[in-house]
Amino acid sequence: MPSIASLHCLADITDQIGPRRPGAIYQNVDGRFEVLALITDPTAAAQLLRRDGARWAVIVRDTLRPDGQPFAVGSVWTTSDYLIRPARTATAFAPAA
């Protein structure tokens, strides 16, 4: 059973990430970004962001730049960020005939 401290830490991380899940598009003063991946493994996040204390990372692509290349960010969700398109939801496909 998870401890109260671990549940609080998980809630804190969820608040920091905000609605950024794969497929979501959000905008802030730096650009408009499509979320390609959410990394919640602290070791992988620390390596991507080159920060030992990183607990998560989001890989995004700036959709306002035609040559926008994917890159990792670790900035927390703030009131200056706003969601343009929610993340994709898992879709169930009908069985093939």
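Above this text is the structure in question.
Reading guide: rules and limits
Residues numbered from 1 in each chain as written. Predicted model: local features only at pLDDT ≥ 70, side-chain atom pairs only at ≥ 80, totals over all residues. Heavy atoms only, no water. Helix = DSSP H or I, 4+ residues; strand = E, 2+ residues; numbered from the N terminus. Buried < 20%, exposed > 50% of the residue type's maximum accessible area, 1.4 Å probe, protein only. Contact = heavy atoms within 4.5 Å. Pairing = 2+ DSSP bridges. Phe/Tyr/Trp six-rings, centres within 6.5 Å; stacked < 30°, edge-to-face > 60°. Lys NZ or Arg CZ within 6 Å of the ring centre and 35° of its normal. Core = buried A, V, L, I, M, F, W, Y, C linked by side-chain atoms within 4.5 Å. Axes fitted to C-alpha atoms, helices over the stretch in contact; angles between N-to-C directions.

Undergrad: I tried to follow the overall build of the protein chain on my own but got confused; where do I start?
TA: Tallying secondary structure elements over the protein chain gives two helices and five strands in all. Starting at the N terminus and walking to the C terminus, you meet the elements of the protein chain as α-β-β-α-β-β-β. With 97 residues in all, the protein chain has 30% of them scored as buried. Counting only contacts in the protein chain whose residues sit at least 6 apart along the sequence, the fraction spanning at least 24 positions is 51%.

Undergrad: Would you explain the pairing of strand E3 (residues 57-62) in this entry?
TA: The side chains of a regular strand alternate, residue by residue, between the two faces of the sheet. Alignment of strand E2 (residues 31-39) against E3, held across six bridges, turns out to be antiparallel. Following the sheet pairing, Val-35 is matched in E3 by Val-60. The pairing of E3 with strand E4 (residues 71-73) spans three bridges and is classified as antiparallel. Note on E4: the bridge partner recorded for Val-60 is Phe-71.

Undergrad: Is there a simple way to think about the side chain of Gln-27 in this case?
TA: Within the secondary structure, Gln-27 sits in strand E1 (residues 25-28). Apart from residues lying up to four places away in sequence, Gln-27 is in contact with Arg-32, Ser-80, Asp-81, Tyr-82 and Ile-84.

Undergrad: Just to check I follow, could you spell out the packing of aromatic side chains for this structure?
TA: Under the counting rule described, the total for this entry stands at three aromatic pairs. Measuring from ring centre to ring centre gives 5.5 Å for Tyr-26 and Phe-33, while their planes differ by 40°; the resulting arrangement is tilted. Of the two residues, Tyr-26 and Phe-33, both sit in the buried class. Feature note: the residues Tyr-26, Phe-33, Phe-71 and Trp-77 constitute an aromatic cluster, connected by ring pairs. One residue, Arg-20, lies across the ring of Tyr-26, its end atom 5.4 Å from the ring centre.

Undergrad: Is there a simple way to explain the nonpolar core in this structure?
TA: Where a protein is soluble and globular, its nonpolar side chains tend to be buried together. Counting 10 residues, the largest nonpolar core consists of Ile-13, Ile-17, Ala-24, Tyr-26, Phe-33, Val-35, Trp-56, Val-58, Val-60 and Val-73. When residues of this core are traced back to their parent elements, those giving at least two are helix H1 (4-17), E2 and E3. Residues within four places of Trp-56 in sequence aside, it is in contact with Ile-13, Gln-16, Ile-17, Arg-20, Ile-39, Thr-40, Ala-45, Leu-49, Val-73, Gly-74, Ser-75 and Val-76. In terms of nonpolar packing, the next biggest core, distinct from the first, is built from six residues, Ile-39, Leu-49, Ala-54 and Ala-57 among them.

Undergrad: Mind showing me how you'd approach the sheet that holds E3 here?
TA: Adjacent strands of a sheet form backbone hydrogen bonds with each other and so pair up, either parallel or antiparallel. What the five strands build is an open sheet, ordered E4-E3-E2-E1-E5; its pairing is antiparallel. In this open sheet, the two edge strands, each paired with only one partner strand, are E4 and strand E5 (82-85). Adjacent strand axes in the sheet meet at a mean angle of 45°, parallel and antiparallel pairs treated alike. Together, E2, E3 and E4 form the strand contacts of helix H2 (residues 42-49), whose direction differs from that of E3 by roughly 45°.

Undergrad: Please clarify how unusual backbone geometry should be interpreted in this entry.
TA: Trans is the prevailing form of peptide bonds, just as negative phi is the prevailing case for residues other than glycine. Backbone geometry at Arg-50 places phi at a positive 55°, although glycine is not the residue there. Looking at the secondary structure, you find Arg-50 in the loop between H2 and E3.

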